[in-house]
Amino acid sequence: MSNPSRPAGAPEEIPYEQEWELYHNSFSLCSKKLRVCMAELGLPYESHHIHLIETGAYENVGRDYLAVNPKGLVPVLVHRGRPIYESHEEIVYAARHAGDRGRALLPEDAALRSEVDHWIDCASLVGDDPMADTHLRAGHCIPGLTVPIFATMVSHIPVREILKGLLTHPNKERPLIFLTLKLAGIERLPKLVPAMKLMRRSLKHMGMHLDRLGEQLDKHGEDWIAGASFSLADVSWMVILDRLVEVDWDGVLWGDDRRPSVAAYWQRLASRKSYREQIVDMRCEITRLGIDEVKRAKREHPALREALEG
Ligand SMILES: N[C@@H](CCC(=O)N[C@@H](CS)C(=O)NCC(=O)O)C(=O)O
C-alpha cells in the first residue's frame, strides 16, 4: 500500500518493538481519533505520549520526535516499523489490517463506503492550513473553536516554556498565538479581533455541518452515521463533538432542543466504552482545569459569553 502523505524528510522505517505503536497526545483531537479507533478495532499498541505546548511542553519539536515526524505533528501510527501520517489515513489503514472488526468499521459495500469516506473527510484536518475552508470541513472549524480552552489551558503553562517555541517550533505563529492568549487571559478574548472573527466564522460553519449531520441521521433513523453499524465515520465525529463539549459549545449548538438528532447522537457516542477509556479517562490535569475555567469565565463575565455565543 502506498503512503502518500509521508512528509518530506520523514523516515521510511522507525525502530519498533510492537506490531502497532502510536505517537499521540492526550488533548489532540487527531490523536483521540486514533486512540478511539484502535480501541474499537481491538488493536493493542505501544503508546508514546508526546507533549504539545498546550499540555505542558514542546516535546513534539524535540530532536527525538522530529525523527519520527519532521513536521512535529501528532499522531503518527507505526505498523511493524512503518510510519503512517495523517489521522484520517491512519484510521483507514488500521481498519484494513484488523480483519472482521475492520470490515465492520469500514464497510466493503461501495455505496456505504463512499458515505463513510465522505463523513471521515468532513471531520478531517487536511493540508497545511486547517483553519481555511471552514465551510467545507467541520474539522477545519475546530482550531478556531478551540481558542477559549487554549486560553485557559495556557494559563497553567509558564511563559518561559511558551517562549521556547520561538526558537524551536517550525511554525512561529503557534508560540506567538499561545503567548498572546497567555498574556490576554480568557476574559480579554473579545479584544483579540482576529481570533474572535475566526471563532465566529467557525461557529457559524460548524452549525451548518451539524445541520447536515442531523439530516443524515434523520434520513435513515438509525443510531450511527452510516446506519445501524458504528463505523470510522462515527469515530471521526466522536472527537469533533467531544471537542465542542470540552470547550462548552454544546449548549449553543445542540442544547435546548436545538438539533435534537445531534444531541441524541452525542449521548450515544458518549456512552461508548471507547469514549470513556480513550478520551475522558486520559484527560490530563491541565485540560480538566481548562474545561472548568472556560465555564467559570463565561459565568462570571456575561460579556464574554455574549461575545462568544452571540
Ligand atoms: N492532518 C493532520 C493534522 C495533525 C495536527 O495538526 N496535529 C496537531 C494536534 S491535533 C499537532 O500536532 N499540533 C502540534 C503543533 O502544531 O505544534 C492529521 O490529521 O493527523
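Residues numbered from 1 in each chain as written. Predicted model: local features only at pLDDT ≥ 70, side-chain atom pairs only at ≥ 80, totals over all residues. Heavy atoms only, no water.

**Q** For this particular structure, what's the right way to read the domain arrangement of the protein chain?
**A** A common way to state how big an interface is: give the accessible area lost once the parts meet. Entries for the protein chain in the domain assignment read domain 1 (20-113) and domain 2 (122-309). Using only C-alpha atoms to locate each centre, domain 1 and domain 2 end up separated by 20 Å. With 33 residues of domain 1 at the contact, the number on the domain 2 side is 41 residues. For domain 1, the biggest contributors to the area lost against domain 2 are Phe27, Leu29 and Tyr58; these three give 23% of the whole. Linking domain 1 to domain 2 there are five salt bridges. Counting every contact that joins domain 1 to domain 2 gives 10 residue pairs in polar contact (both at pLDDT 80 or more). Secondary-structure elements contributing two or more residues to the side of domain 1 that touches domain 2 are helix 1 (29-41), helix 3 (87-96) and helix 4 (99-105). Top element by residues in the side of domain 1 that touches domain 2 is helix 1. It accounts for nine residues. Within the side of domain 1 that touches domain 2, the residues separate by chemical class into 18 nonpolar, seven polar and eight charged. (Domains from an automatic or database assignment. Contact = heavy atoms within 4.5 Å. Buried area = accessible area lost by both parts, 1.4 Å probe. Salt bridge = Lys/Arg side-chain N within 4 Å of Asp/Glu carboxyl O. Polar contact = N/O pair within 3.5 Å; in protein donor to acceptor, adjacent residues only side chain to side chain. Helix = DSSP H or I, 4+ residues; strand = E, 2+ residues; numbered from the N terminus. Nonpolar A, V, L, I, M, F, W, Y, C, P; charged D, E, K, R; others polar.)

**Q** Would you take a moment to explain the packing of aromatic side chains for this structure?
**A** How two aromatic rings sit relative to each other is given by the distance of their centres and the angle of their planes. Evaluated as defined, the whole model comprises nine aromatic pairs. Between Tyr23 and Tyr65 the ring centres are 5.9 Å apart and the planes differ by 45 degrees, which places this aromatic pair in the tilted class. Pair noted here: Tyr23 is in strand 1 (residues 20-24) and Tyr65 is in helix 2 (residues 63-66), with a separation of 42 residues, a long-range link. For the pair formed by Tyr23 and Tyr65, the shared burial category is buried. (Phe/Tyr/Trp six-rings, centres within 6.5 Å; stacked < 30°, edge-to-face > 60°. Buried < 20%, exposed > 50% of the residue type's maximum accessible area, 1.4 Å probe, protein only.)

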